[in-house]
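Structural description and commentary
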Amino acid sequence: MINPTDIRFGVREFDLAQGCLHLLTPDFDYDSFADVAQALVNVLGASVVEKEANADLHIWLIDFEGCRMMLKGEHYSTAMWLELLSRDDSDTLAFLASWLEKLTR
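Residues numbered from 1 in each chain as written. Predicted model: local features only at pLDDT ≥ 70, side-chain atom pairs only at ≥ 80, totals over all residues. Heavy atoms only, no water.

1. Considering helix H1 (residues 33-44)
The terminal C-alpha atoms of H1 lie 16 Å apart, and with 12 residues this matches the ideal 16 Å at 1.5 Å per residue to within 8%. Turning to H1, its buried residues number three or more, namely Phe 33, Val 36, Ala 37, Ala 39, Leu 40, Val 41 and Leu 44. Buried residues in H1 make contact with strand E2 (20-24), strand E3 (47-53), strand E4 (57-64), strand E5 (67-74), strand E6 (79-84) and helix H2 (90-103). Gly 45 sits one or two residues past H1 and shows a positive phi near 75 degrees. (Helix = DSSP H or I, 4+ residues; strand = E, 2+ residues; numbered from the N terminus. Expected span 1.5 Å × (residues − 1). Buried < 20%, exposed > 50% of the residue type's maximum accessible area, 1.4 Å probe, protein only. Contact = heavy atoms within 4.5 Å.)

The following block contains the structure:
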C-alpha cells in the first residue's frame, strides 16, 4: 500500500488545445491505482463522482469546484492524466497545471 503522505504530483505535459493534463506520479499498477488517484483527488480538493475500471484503463469522473473532468490512468505505462469534458473549463485545467507545477518546485 502506498502512503498518501509520500505521494508527490507534477506536470508531465499540458496540452490546452486537447484539454489534457498529463501528470507526473509515483509508479502504480492495477491494484495501487486507486491509492494514487485518491491521493491526487485529495491534493486537488476534488471529489469522485464515478469510477470505472477496465482491463488496462481506470477512468474516474471527478469534480473540482464545479468543473467535471476525467481522471484516467493506464497501469501498463503508469500514465495518469486529466481530460476536460468541456472546452469551457480550459481555464480551470490551466489553473491546475500551474498550481501543480508550483507544488513541485
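Here the narrative resumes.
2. Focus on the pairing of E4
Within E4, seven of the eight residues are buried, which leaves the element mostly enclosed by the surrounding structure. Here E3 runs beside E4; their pairing, made up of six bridges, is antiparallel. Within E4, the position partnered with Lys 51 by the bridge is Trp 60. Once E3 ends, the chain turns through three residues before running back antiparallel as E4. When E4 meets E5, the two strands line up antiparallel, connected through eight bridges. Bridging from a neighbouring strand, Trp 60 pairs with Leu 71 of E5. Where E4 folds back onto E5 in an antiparallel hairpin, the turn is made up of two residues, including Glu 65, whose phi is positive at roughly 50 degrees. (Pairing = 2+ DSSP bridges.)

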